[in-house]
Amino acid sequence: GLKKKEANVLVVGLDNSGKTTIINHLKPEETKSHDIVPTIGFNVEKFQTKSLQFTAFDMSGQGRYRNLWEHYYKSCNGIIFVIDSSDKLRIVVAKDELDTLLDHVDIRSRPIPILFFANKMDIRDALSSVKCSTMMRLEQIMNKPWHICATNALTGEGLTEGTDWLADQLK
Ligand code: GTP
Ligand code: MG
(Lines give C-alpha, C1' and ligand atoms only; values in the text may rest on other atoms or scores of the structure.)
(Ligands and ions follow the chains in the order given, each with its own letter.)
Protein backbone atom coordinates (compact mmCIF):
# COMPACT_ATOMS: atom_id res chain seq x y z
CA GLY A 1 0.00 0.00 0.00
CA LEU A 2 0.97 3.63 0.09
CA LYS A 3 3.67 4.37 2.60
CA LYS A 4 3.40 7.40 4.84
CA LYS A 5 6.07 10.01 4.41
CA GLU A 6 8.87 9.71 6.96
CA ALA A 7 10.82 12.32 8.89
CA ASN A 8 13.68 12.29 11.36
CA VAL A 9 13.17 14.54 14.32
CA LEU A 10 15.80 15.41 16.90
CA VAL A 11 14.40 15.82 20.43
CA VAL A 12 16.60 18.00 22.64
CA GLY A 13 16.37 20.18 25.74
CA LEU A 14 17.79 20.09 29.25
CA ASP A 15 17.70 16.99 31.43
CA ASN A 16 14.43 16.51 33.30
CA SER A 17 12.47 18.71 30.87
CA GLY A 18 10.24 15.79 29.85
CA LYS A 19 11.53 14.69 26.43
CA THR A 20 11.22 10.95 27.02
CA THR A 21 7.82 11.37 28.69
CA ILE A 22 6.60 13.34 25.66
CA ILE A 23 7.85 10.75 23.16
CA ASN A 24 6.40 7.97 25.27
CA HIS A 25 3.01 9.65 25.16
CA LEU A 26 3.16 9.86 21.37
CA LYS A 27 4.14 6.22 20.87
CA PRO A 28 1.63 3.46 20.09
CA GLU A 29 0.04 1.87 23.18
CA GLU A 30 1.87 -1.45 22.87
CA THR A 31 5.31 0.16 22.78
CA LYS A 32 4.85 2.57 25.71
CA SER A 33 7.14 2.23 28.75
CA HIS A 34 5.71 2.26 32.21
CA ASP A 35 8.62 3.67 34.04
CA ILE A 36 10.72 6.38 32.52
CA VAL A 37 14.29 6.87 33.66
CA PRO A 38 16.81 9.57 32.73
CA THR A 39 18.08 8.83 29.23
CA ILE A 40 21.65 7.63 28.83
CA GLY A 41 23.07 8.79 25.50
CA PHE A 42 19.94 8.63 23.35
CA ASN A 43 17.11 6.36 22.23
CA VAL A 44 15.47 6.00 18.83
CA GLU A 45 11.67 5.81 18.87
CA LYS A 46 8.93 5.77 16.26
CA PHE A 47 5.52 7.40 16.29
CA GLN A 48 2.91 8.47 13.77
CA THR A 49 0.73 11.48 13.20
CA LYS A 50 -2.10 11.72 10.67
CA SER A 51 0.22 12.48 7.80
CA LEU A 52 3.71 11.45 8.81
CA GLN A 53 5.77 8.64 10.28
CA PHE A 54 8.32 10.10 12.71
CA THR A 55 11.62 8.64 13.80
CA ALA A 56 12.57 10.50 16.97
CA PHE A 57 16.09 10.73 18.34
CA ASP A 58 15.39 11.20 22.03
CA MET A 59 18.64 12.69 23.29
CA SER A 60 19.83 12.83 26.89
CA GLY A 61 19.80 16.37 28.22
CA GLN A 62 22.40 15.76 30.91
CA GLY A 63 25.42 18.03 30.59
CA ARG A 64 27.83 15.21 29.93
CA TYR A 65 25.78 13.93 26.96
CA ARG A 66 24.84 17.23 25.30
CA ASN A 67 27.88 16.96 23.01
CA LEU A 68 26.09 14.06 21.30
CA TRP A 69 23.33 16.31 19.96
CA GLU A 70 25.39 17.85 17.16
CA HIS A 71 26.13 14.50 15.54
CA TYR A 72 22.45 14.25 14.57
CA TYR A 73 21.94 17.81 13.29
CA LYS A 74 22.80 16.92 9.70
CA SER A 75 20.38 14.04 9.38
CA CYS A 76 17.36 15.63 11.07
CA ASN A 77 14.44 17.14 9.17
CA GLY A 78 13.05 18.91 12.21
CA ILE A 79 13.79 19.64 15.86
CA ILE A 80 11.68 19.37 18.98
CA PHE A 81 13.16 21.52 21.75
CA VAL A 82 11.61 20.81 25.15
CA ILE A 83 11.62 23.48 27.86
CA ASP A 84 10.69 22.80 31.48
CA SER A 85 8.42 25.80 32.03
CA SER A 86 8.53 25.23 35.80
CA ASP A 87 12.33 25.45 35.97
CA LYS A 88 12.81 29.22 36.01
CA LEU A 89 16.38 29.01 37.25
CA ARG A 90 17.58 26.97 34.32
CA ILE A 91 15.73 28.68 31.49
CA VAL A 92 18.92 30.69 30.84
CA VAL A 93 20.82 27.42 30.49
CA ALA A 94 18.19 26.20 28.03
CA LYS A 95 18.58 29.44 26.10
CA ASP A 96 22.37 28.98 25.97
CA GLU A 97 21.95 25.46 24.59
CA LEU A 98 19.46 26.74 22.02
CA ASP A 99 21.85 29.48 20.92
CA THR A 100 24.66 26.94 20.53
CA LEU A 101 22.38 24.75 18.43
CA LEU A 102 21.19 27.64 16.23
CA ASP A 103 24.77 28.71 15.64
CA HIS A 104 25.99 25.28 14.58
CA VAL A 105 27.26 24.94 11.02
CA ASP A 106 24.86 22.06 10.31
CA ILE A 107 21.84 24.08 11.49
CA ARG A 108 22.66 27.75 10.89
CA SER A 109 21.71 28.12 7.26
CA ARG A 110 19.04 25.40 7.00
CA PRO A 111 15.38 26.41 7.17
CA ILE A 112 14.41 23.44 9.33
CA PRO A 113 11.32 23.74 11.53
CA ILE A 114 11.71 23.91 15.30
CA LEU A 115 8.87 22.96 17.58
CA PHE A 116 9.15 24.17 21.18
CA PHE A 117 7.23 22.48 23.93
CA ALA A 118 6.82 24.61 27.08
CA ASN A 119 6.30 21.47 29.13
CA LYS A 120 5.03 20.90 32.69
CA MET A 121 2.30 23.51 32.28
CA ASP A 122 0.43 21.68 35.08
CA ILE A 123 2.94 22.79 37.72
CA ARG A 124 1.84 25.79 39.78
CA ASP A 125 3.65 28.97 38.75
CA ALA A 126 4.93 27.45 35.52
CA LEU A 127 5.84 30.09 32.92
CA SER A 128 3.33 30.57 30.08
CA SER A 129 4.40 29.68 26.56
CA VAL A 130 4.52 33.41 25.75
CA LYS A 131 6.80 34.06 28.71
CA CYS A 132 9.02 31.12 27.72
CA SER A 133 9.33 32.42 24.17
CA THR A 134 10.23 35.89 25.45
CA MET A 135 12.88 34.55 27.82
CA MET A 136 14.30 32.30 25.10
CA ARG A 137 14.19 35.22 22.60
CA LEU A 138 12.48 33.06 20.01
CA GLU A 139 11.43 36.13 18.02
CA GLN A 140 15.10 36.43 16.99
CA ILE A 141 14.98 33.17 15.03
CA MET A 142 14.90 34.50 11.50
CA ASN A 143 15.41 31.78 8.93
CA LYS A 144 13.44 28.91 10.43
CA PRO A 145 9.77 28.31 11.00
CA TRP A 146 9.09 27.77 14.70
CA HIS A 147 6.14 27.20 16.93
CA ILE A 148 5.66 26.91 20.68
CA CYS A 149 2.93 25.21 22.65
CA ALA A 150 2.34 24.66 26.32
CA THR A 151 2.18 20.96 27.15
CA ASN A 152 1.57 18.50 29.92
CA ALA A 153 3.38 15.31 28.97
CA LEU A 154 1.66 13.38 31.74
CA THR A 155 -1.80 13.87 30.21
CA GLY A 156 -0.71 14.62 26.64
CA GLU A 157 -2.36 18.05 26.60
CA GLY A 158 -0.89 20.25 23.85
CA LEU A 159 1.21 17.55 22.20
CA THR A 160 -0.95 16.92 19.14
CA GLU A 161 -1.21 20.62 18.36
CA GLY A 162 2.58 20.65 18.22
CA THR A 163 3.17 17.48 16.26
CA ASP A 164 0.43 18.42 13.75
CA TRP A 165 2.20 21.74 13.18
CA LEU A 166 5.53 19.93 12.69
CA ALA A 167 4.01 17.36 10.34
CA ASP A 168 2.52 20.21 8.28
CA GLN A 169 5.93 21.85 7.99
CA LEU A 170 7.50 18.61 6.78
CA LYS A 171 4.85 17.56 4.27
P1 GTP B 1 16.75 13.32 30.31
O2 GTP B 1 16.50 12.02 29.64
O3 GTP B 1 17.57 13.20 31.56
O4 GTP B 1 17.32 14.36 29.38
O5 GTP B 1 15.30 13.90 30.82
P6 GTP B 1 13.95 14.02 29.97
O7 GTP B 1 13.88 15.36 29.36
O8 GTP B 1 13.78 12.86 29.06
O9 GTP B 1 12.83 14.00 31.11
P10 GTP B 1 11.87 12.77 31.50
O11 GTP B 1 10.89 12.51 30.41
O12 GTP B 1 12.69 11.66 31.98
O13 GTP B 1 11.03 13.45 32.68
C14 GTP B 1 11.63 13.95 33.86
C15 GTP B 1 10.62 14.02 34.98
O16 GTP B 1 9.63 15.01 34.69
C17 GTP B 1 9.84 12.71 35.19
O18 GTP B 1 9.66 12.52 36.57
C19 GTP B 1 8.50 12.99 34.51
O20 GTP B 1 7.43 12.25 35.06
C21 GTP B 1 8.32 14.47 34.79
N22 GTP B 1 7.47 15.14 33.79
C23 GTP B 1 7.60 15.10 32.45
N24 GTP B 1 6.67 15.86 31.85
C25 GTP B 1 5.92 16.40 32.84
C26 GTP B 1 4.79 17.30 32.85
O27 GTP B 1 4.28 17.78 31.83
N28 GTP B 1 4.30 17.64 34.08
C29 GTP B 1 4.84 17.15 35.24
N30 GTP B 1 4.28 17.55 36.39
N31 GTP B 1 5.89 16.32 35.26
C32 GTP B 1 6.43 15.95 34.08
MG1 MG C 1 15.00 11.30 28.53
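Only a predicted model underlies this, so the values are computations on that prediction, with no experimental measurement involved. (Residues numbered from 1 in each chain as written. Chains lettered and ligands numbered in written order. Predicted model: local features only at pLDDT ≥ 70, side-chain atom pairs only at ≥ 80, totals over all residues.)

### Thoughts on the sheet that holds strand E3 (residues 52-59)
Strands sit in the order E2-E3-E1-E4-E5-E6 across an open sheet of 6 strands; the sheet is mixed. Edge strands, defined here as strands with exactly one partner in the open sheet, are strand E2 (42-48) and strand E6 (146-150). Taken over all neighbouring pairs, the strand axes of this sheet differ in orientation by 25° on average, direction set aside. Judged from the 5 bridges that link them, strand E5 (residues 114-119) and E6 form a sheet pairing that is parallel. (Pairing = 2+ DSSP bridges. Helix = DSSP H or I, 4+ residues; strand = E, 2+ residues; numbered from the N terminus. Axes fitted to C-alpha atoms, helices over the stretch in contact; angles between N-to-C directions.)

### Description of the UniProt feature "binding site: Mg(2+)" (unreviewed entry) in the protein
Under the feature "binding site: Mg(2+)" (unreviewed entry), the UniProt entry names Thr20 and Thr39. What stands out for the annotated residues spanning 20 residues is how close their C-alpha atoms remain, the widest pair being 7.5 Å apart. You can see Thr20 is positioned in helix H1 (residues 19-26). Look past the residues within four positions of Thr20 in its chain and what remains in contact with it is Ile36, Thr39 and Asp58. Here Thr39 shows up in the loop between H1 and E2. (UniProt positions renumbered as here; feature names shortened; annotations may be inferred. Contact = placed C-beta atoms within 7 Å.)

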